[in-house]
Amino acid sequence: MKIKEVLCALEQFAPLPLQEDYDNAGLQIGLTDAEVSGALLCLDVTEAVVDEAIALGFNLIVSHHPLIFHRLAHITGDDYVQRVVSKAIKSDIAIISMHTNMDAAEGGVNFRIARKMGLDDVAFFGHRQTAAAPGGQQVNGGEGVVGTLAEPQAADDFIINLKRTFGVECVQANQLLRRQIKRVALCGGAGSFLLDKAIAEGADAFVTGEMHYHEFFGHEQQIQICVIGHYQSELFTAEIFKEIIEEKCPGVKTQFTTVNTNPILYL
């Protein structure tokens with residue numbers, strides 16, 4: 001099985017045209033005609049992750065967040081991105097990143113978060129689009145998803161369940177809602193741009209990875225805002241990579257990274 005076959009399988013699930021204009025998803029580094037010795041699955045690519053791939057004898061890393069997000073003017077080792085690029089090239093390791101295209105795709109990151117939360121009747125909200133995948137099939141995409149809890153929950157119980165489900169030490173929330181939470185909108189990562197659309201959808205709660213301070217104001221008893229952390233909200237993305245590769249590229253070894261790449265510490 002060649003790297004290009006793994007790349008094609010991932011893009012069939014989450015076509016690159018679904019990505020945001022600012023993004024840089026897809027093949028980041030490497031030659032795709034090489035045979036896959038194994039795929040290391042992660043959220044972020046760091047030097048430690050590349051070292052782990054080398055130790056495993058894997059020549060492919062599949063990440064959610066792109067390693068190369070901005071144009072590289074030079075590669076001199078001045079920052080971790082340049083050092084990772086250099087190490088990966090020297091070690092013949094290819095890097096594929098599936099970012100906002102995987103966020104947007106039906107069955108992608110947001111749907112996985114909804115599944116972890118046990119939401120039913122999950123559907124897109126916000127801007128929707130379709131994109132052609134390799135092979136010509138059309139894939140639906142959207143900005144966020146909304147669904148319903150099997151049983152209504154009090155706000156404090158809802159937040160406790162979020163902490164348990166996503167391994168969160170601390171949830172940032174606005175004033176606790178004094179009504180039951182039933183309808184939940186969500187967006188993994190930095191999803192604060194969808195708050196107003198979540199309110200328009202009639203959601204009782206909005207769950208995302210990060211928001212700015214001032215965005216919490218003015219929504220008391222309107223919607224329960226729950227910010228669980230960017231890393232925590234998207235950590236399960238690697239599960240999707242594993243399922244796609246195992247189904248479409250049988251025989252390719254996969255492993256989740258053991259490296260915690262979250263740069264934020266809770267002290």
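Residues numbered from 1 in each chain as written. Predicted model: local features only at pLDDT ≥ 70, side-chain atom pairs only at ≥ 80, totals over all residues. Heavy atoms only, no water.

Asker: Kindly report on the pairing of strand β6 (residues 138-153), identifying the contributing residues and their values.
Answerer: Taken together, the 9 bridges between strand β5 (residues 120-132) and β6 define a ladder with antiparallel strand orientation. Pairing of R128 across the sheet is with G142, part of β6. Linking β5 to β6, which pair antiparallel, is a turn of 5 residues; within it G135 sits at a positive phi near 105°. In this structure, β6 lies alongside strand β8 (residues 181-187), joined through 5 bridges in antiparallel fashion. Residue pairing across strands places G147 opposite V184, the latter belonging to β8. (Pairing = 2+ DSSP bridges. Helix = DSSP H or I, 4+ residues; strand = E, 2+ residues; numbered from the N terminus.)

Asker: Which residues make up the packing of helix α5 (residues 109-117) against helix α6 (residues 155-166), and what values go with them?
Answerer: Contact pair α5 / α6: the axes reach a minimum separation of 10 Å and the direction vectors enclose 115°. One element, α5, and the other, α6, form an angle in the roughly perpendicular class. Of the two possible hands of crossing, α5 and α6 adopt the one that is right-handed. Contacts between α5 and α6 involve I113, K116 and M117 on the former and, on the latter, F158, L162, T165 and F166. Partitioned by chemical class, the residues of the contact of α5 with α6 number 5 nonpolar, 1 polar and 1 charged. (Axes fitted to C-alpha atoms, helices over the stretch in contact; angles between N-to-C directions. Parallel < 35°, antiparallel > 145°, perpendicular 65-115°, else oblique. Left-handed = near helix turned anticlockwise from the far one by under 90°. Contact = heavy atoms within 4.5 Å. Nonpolar A, V, L, I, M, F, W, Y, C, P; charged D, E, K, R; others polar.)

Asker: Tell me about the side chain of N174, and please be specific about residues and values.
Answerer: In this fold, N174 is placed in the loop between β7 (172-173) and β8. For N174, the side chain forms a polar contact with the main-chain oxygen of I223, separated by 3.0 Å. Here Q224 takes part through its side chain, which lies 2.9 Å from a polar atom of the side chain of N174. N174 has contacts with F216, H219, E220, I223, Q224 and I225, leaving out every residue within four places of it along the chain. (Polar contact = N/O pair within 3.5 Å; in protein donor to acceptor, adjacent residues only side chain to side chain.)

Asker: Explain the sheet that holds β8 to me, using residue names and the numbers behind them.
Answerer: Taken together, the 6 strands give an open sheet; going across it, the order is β5-β6-β8-β9-β10-β7, and neighbouring strands pair in mixed fashion. The two strands at the open ends of the sheet, each matched to only one other strand, are β5 and β7. Where strand β9 (residues 205-208) lies against strand β10 (residues 224-227), 4 bridges are found, and the strand directions are parallel. Bridge assignment links T208 to a residue of β10, and that residue is V227.

Asker: Mind laying out the pattern of salt bridges, listing which residues take part and the relevant values?
Answerer: Summed over all chains, the structure comprises 10 salt bridges. The partner of D33 in a salt bridge is K4, with the nearest N and O atoms 2.8 Å apart. Taken together, the residues span a long stretch of sequence, with D33 in the loop between β1 (26-29) and β2 (39-42) and K4 in helix α1 (residues 3-13) at a distance of 29 residues. In this structure, the salt-bridge partner of K87 is D51, at a minimum N-O distance of 2.9 Å. Here the residue K87 occupies a position in helix α3 (residues 80-90), and D51 occupies one in helix α2 (residues 47-56), the gap between them amounting to 36 residues. (Salt bridge = Lys/Arg side-chain N within 4 Å of Asp/Glu carboxyl O.)

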